[in-house]
Amino acid sequence: MVQLPDDHTLVLKVIPLPGDANANGDIFGGWVMAQVDLAGSVLPARYAQGRMATVAVNQFIFKQPVRVGDILSFLAKMERIGRTSMTVNVGVYAERFNNQGQYIKVTEAQLTYVAIDDEGKPRPVPVR
């Protein structure tokens, strides 16, 4: 069991359902990846103040399986804000169905987003 990191922000909570599971009863990795992309975009959106796009999945590590009924907490931390791009770390923590309040880190990822204009071209991230 682990403690949730104090330097990250809770950006999403979700419970995977049976339709998200593979034949082994574990949740599809692609489903987890989609949720990480959604969660990862929350903090950069505050900086982009407009359209942005995922441009890279720099790292993605599955540490433990995700199971139907787990309560997943997605915590994010901004790592870098460049001229047009923003890099964020996302940690995914599971509360197992029968162990509520105890967390297991199941996935960690680092993604990069870029602020884009109406034509889809990179644009500067506004200064805050």
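Residues numbered from 1 in each chain as written. Predicted model: local features only at pLDDT ≥ 70, side-chain atom pairs only at ≥ 80, totals over all residues. Heavy atoms only, no water.

## Digging into the pattern of salt bridges
Short version of the rule: We count a salt bridge whenever a side-chain nitrogen from Lys or Arg sits within 4 Å of a carboxyl oxygen from Asp or Glu. A run of DSSP states H or I qualifies as a helix once it reaches four residues; a run of E qualifies as a strand once it reaches two. Both are numbered from the N-terminal end. Any residue under 20% of the maximum accessible area for its type is buried, any over 50% is exposed, and the rest in between are partly exposed; the area is computed with a 1.4 Å probe on protein chains only.
Evaluated as defined, the whole model comprises five salt bridges. Measuring nitrogen to oxygen at the nearest pair gives 3.9 Å for the salt bridge that ties lysine 63 to glutamate 108. Here lysine 63 is found in the loop between β2 (52-62) and β3 (71-81), whereas its partner glutamate 108 is found in strand β5 (residues 103-115), with 45 residues between them in sequence. Take glutamate 108: its relative accessible area is 22%, and that puts it in the partly exposed class. The residue arginine 96 makes a salt bridge to aspartate 70 at a minimum N-O spacing of 2.5 Å. With arginine 96 in the loop between β4 (85-95) and β5 and aspartate 70 in the loop between β2 and β3, this pair connects stretches of sequence that are 26 residues apart. Of the two residues examined, arginine 96 and aspartate 70, each falls in the buried class. Among the ionic contacts, a cluster of salt bridges with common partners joins Lys63, Lys105 and Glu108.

## Section: the environment of glycine 29
Along the chain, glycine 29 falls in helix α1 (residues 29-40). Among the residues examined, glycine 29 registers a relative accessible area of 27% and is labelled partly exposed. Note: C-alpha distance between glycine 29 and threonine 112 (83 residues apart in sequence) is 19 Å.

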